[in-house]
Amino acid sequence: MLECVQPVHRNAESAGCAVAGAGALIGQLQPAQLYQGLRSTLLQLVALLLAQGRGLVDGLDPHAVELGDILALHGRLDGAYRAHPAGMDQRLGAWPRVCAALSVCPAKAASSVVTTAAAERVIRGAAIDDRTVHRVLDQLLRRDGRPVDYGEVQVEHLGAAFEALLGQRLERDGIMGRLAVRPSSARRTTGSHYTPRDLTGPIVAEALEPLLVLIQGGTAERPSPERLLAIRVCDPAMGSGAFLLAACRQLSSQLVDAWDRRDELSRVERASENNA
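What you see is a predicted model; the values in this text were computed from it and never measured.

Asker: It is not clear to me how the environment of Ser240 should be interpreted in this structure. Could you clarify?
Answerer: Relative to the assigned elements, Ser240 resides in the loop between α11 (225-229) and α12 (242-275). By relative accessible area, which is 29% here, Ser240 ends up partly exposed. Expressed as a C-alpha distance, the spacing of Ser240 and Leu158, which sit 82 residues apart in the sequence, is 8.1 Å. When neighbours within four sequence positions are excluded, Ser240 is seen to be in contact with Gly159 and Glu163.

Asker: Help me out: how do you make sense of the pattern of salt bridges in this one?
Answerer: Working definition: two side chains of opposite charge can pair if their charged atoms are close together. The final tally for this structure, using the stated rule, is six salt bridges. One salt bridge connects Glu171 with Arg169, and the closest N-O pair in it is separated by 2.5 Å. Here Glu171 falls in the partly exposed class, since its relative accessible area comes to 32%. Exposure remark for Arg169: the relative accessible area of 33% places this residue in the partly exposed category. A salt bridge links Arg262 to Glu226, with the shortest nitrogen-to-oxygen separation between them at 2.7 Å. Note that Arg262 is positioned in helix α12 and Glu226 in helix α11, a separation of 36 residues in sequence.

Asker: Help me understand a nonpolar patch on the surface, please; the structure alone is not making it clear to me.
Answerer: A surface patch of nonpolar side chains, amounting to about 290 Å² of accessible area, comprises Leu229, Val256 and Trp259. Take Trp259: it is sitting in helix α12. We classify Trp259 as partly exposed; its relative accessible area is 42%.

Here is what the cut-offs are and how they apply
Residues numbered from 1 in each chain as written. Predicted model: local features only at pLDDT ≥ 70, side-chain atom pairs only at ≥ 80, totals over all residues. Heavy atoms only, no water. Helix = DSSP H or I, 4+ residues; strand = E, 2+ residues; numbered from the N terminus. Buried < 20%, exposed > 50% of the residue type's maximum accessible area, 1.4 Å probe, protein only. Contact = heavy atoms within 4.5 Å. Salt bridge = Lys/Arg side-chain N within 4 Å of Asp/Glu carboxyl O. Patch = residues over 30% accessible without salt bridge, like charges linked within 9 Å, V, L, I, M, F, W, Y side chains within 5 Å. Areas by Shrake-Rupley, 256 points an atom, 1.4 Å probe, with all protein chains shown as cover.

Here it is as structure tokens:
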């Protein structure tokens, strides 16, 4: 993710174009605002790729699905790069397509502050060339020369990406006035640390066990779907949501089992009635 920030902010800064309604230029944004906008835009792009990898955008309007097809866009940029690499610096069609995809597909993450939303609008209106977009998509869609299958990528990686980006900031060089990515203390001061799935799973299972025993009412019966759906979970220090995601996984697994048990019981009851 950090490798994606560098080419976008450099290209956007050099473009320095105004956006209708944004009321600012790239060069007039404070480095912190610019970085927040870049970070939010990149995370939304990753969220869109995760959604596409799981087939979650297939039910949208066909035009929206076509517009949001980042893999197809990357393929076209690959072809253009192989055919005429030098000309990609002069073409500006890919970035508006990426921004349109983020607008029509359900990967929009709410901005936490107004300044982030304003920075996003400026960044999305910047004249970012096709070479830069190709480099960014390459970083997101390939690893060690192999394509990344976002259908197999764990959702927790989105939180890990956020926390990695939280540990960086944009800083303007005092001599040349150019922006550069520097380490930030924000991750340390906010206590934001990625917790892997092999840790969140056992911890959440142990935390949920007494609750599941309680809703069974002291009987040997497994919890009903209604009781499971009535559970509310609060994580006041949720960070990127790794523990909440583990709780959602485990409770949803219990819920599916409860539905299956109810369906099986219904089949047995129907069979008994028919035999009677």
